[in-house]
Amino acid sequence: MATATHPKTGLAYDIEGTGTPVVLLYGMTFDRRTWRPVVDELDGAVTSIAVDLPGHGGSSAGPTRLDDVAEAIHRLLESLGVERPVVVGHSMAAAVAGLYASAHPARGILLVDQATEVLPFARMLHRIAPMLHGPAFHQVWPNIEKSLGLDRIPDPTRALVLGTHRVERDVVLGYWDQILTTDPADLQAWIDAKAARIQVPCLAVFGRPATEGERERFDDLPDVRLEEWPGCGHFVHLVHPRRFAARLRTFVDYCDSDTMATRQAS
């Protein structure tokens, strides 16, 4: 495994394995070490690139808009000579994966327990915005965190994940700034416009039943597979890292065949 920090973007990353490049992005308030159980199960079958988001782990840059994060990741991958990756995003980082594929060449995207529908979440954040910006933040946050299902992750993986967990209000509010300063309907329209540009295969893995709104927006994508692993919760990929890694490898193979077919057709 090679570990480095990109000098221009300030993004810290681990890279290992050979074959198809797979970028691994985690949810806010954690760091790239959370992907270790999945990377171990991949056993070098792909070139895994686990990246720390700005404001997290070893990355030096502060929080920023998610489309800017996608651009920074693209610059990092360019410096590594990586073209057309499969981008895997968990939670908030699923949006980064989608934004990446909407703007740059990619083989496919894998969204972990997150869809392109954000309207209900945005409305909820707008309702509690005064508390988030005030001294009540640390009273509100545990209720948000409780819904994540961290207790469903088996040890020793749970201990690893909790060891990466760091909640800083400025970082959280920095990433949520676009949500909190944009009308929820306008934000959803912006995301829908970005999603309309995604033309690569998409796999979505949920640790719960998807909502009707989520299903409807997935129907707008040209090549999508939706899987529900009930009872696994928000960290579905860490509740069953072996199963997730196997599914990821199958999806990578599918994306590779799709990419080859597209190139032959052109």
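Nothing here was measured: the structure is a model prediction, and the numbers come from that model. (Residues numbered from 1 in each chain as written. Predicted model: local features only at pLDDT ≥ 70, side-chain atom pairs only at ≥ 80, totals over all residues. Heavy atoms only, no water.)

(A) Fine view of the overall build of the chain. Regarding its fold elements, the chain presents eleven helices and eight strands. Here the chain holds 266 residues, and 54% of them are scored as buried. The long-range share in the chain, meaning contacts at least 24 apart out of those at least 6 apart in sequence, stands at 71%. Total accessible area computed for the chain in this model is approximately 11,900 Å², and 50% of it derives from carbon and sulfur atoms. Positive and negative side-chain charges in the chain, numbering 26 and 34 respectively, have mean positions lying 2 Å apart. (Helix = DSSP H or I, 4+ residues; strand = E, 2+ residues; numbered from the N terminus. Buried < 20%, exposed > 50% of the residue type's maximum accessible area, 1.4 Å probe, protein only. Contact = heavy atoms within 4.5 Å. Areas by Shrake-Rupley, 256 points an atom, 1.4 Å probe, with all protein chains shown as cover. Lys, Arg positive; Asp, Glu negative; His and termini not counted. Charge placed at Lys NZ, Arg CZ, Asp CG, Glu CD.)

(B) Representation of a negative patch on the surface within the structure. Side chains of Glu212, Glu216, Asp219 and Asp220 sit close together on the surface and give a patch of like negative charge. Take Asp219: its relative accessible area is 63%, and that puts it in the exposed class. (Patch = residues over 30% accessible without salt bridge, like charges linked within 9 Å, V, L, I, M, F, W, Y side chains within 5 Å. Salt bridge = Lys/Arg side-chain N within 4 Å of Asp/Glu carboxyl O.)

(C) Representation of the side chain of Arg32 within the structure. Inspection of the secondary structure assignment puts Arg32 in the loop between β3 (21-25) and α1 (36-42). A polar side-chain atom of Arg32 sits 3.1 Å from a polar atom in the side chain of Asp14. There is a polar contact of 2.4 Å between the side chain of Arg32 and the side chain of Asp52. For Arg32, the residues in contact, after removing those within four places along its chain, are Thr3, Ala12, Tyr13, Asp14, Tyr26, Ala50, Val51, Asp52 and Gly58. (Polar contact = N/O pair within 3.5 Å; in protein donor to acceptor, adjacent residues only side chain to side chain.)

(D) Spatial organisation of the packing of helix α2 (residues 66-79) against helix α3 (residues 92-103). The N-to-C vectors of α2 and α3 enclose an angle of 65°; their axes lie 8 Å apart at closest approach. Where α2 crosses over α3, the two elements pack in a sense that is right-handed. Every residue of α3 that contacts α2 at Leu66, Asp67, Val69, Ala70, Glu71, Ile73, His74 and Leu77 is listed here: Met92, Ala95, Val96, Leu99, Tyr100 and Ala103. A class-by-class count of the residues in the contact of α2 with α3 yields eleven nonpolar, one polar and two charged. (Axes fitted to C-alpha atoms, helices over the stretch in contact; angles between N-to-C directions. Left-handed = near helix turned anticlockwise from the far one by under 90°. Nonpolar A, V, L, I, M, F, W, Y, C, P; charged D, E, K, R; others polar.)

(E) Structural view of the packing of aromatic side chains. Taken as a whole and judged by the stated rule, the model has six aromatic pairs. Ring centres 5.3 Å apart and planes at 75° place the aromatic pair Phe30 and Phe235 in the edge-to-face group. Remark: Phe235 occurs in the loop between β8 (224-228) and α10 (236-239) and Phe30 occurs in the loop between β3 and α1; sequence separation between them is 205 residues. For Phe235, a relative accessible area of 3% puts it in the buried group. Here Phe121 and Trp176 contribute two aromatic rings whose centre-to-centre distance is 5.8 Å and whose plane-to-plane angle is 70°, an arrangement assigned as edge-to-face. Taken together, the positions of Phe121 in helix α4 (residues 119-133) and Trp176 in helix α7 (residues 169-180) put the pair 55 residues apart, joining distant regions of the chain. For Trp176, a relative accessible area of 6% corresponds to the buried category. (Phe/Tyr/Trp six-rings, centres within 6.5 Å; stacked < 30°, edge-to-face > 60°.)

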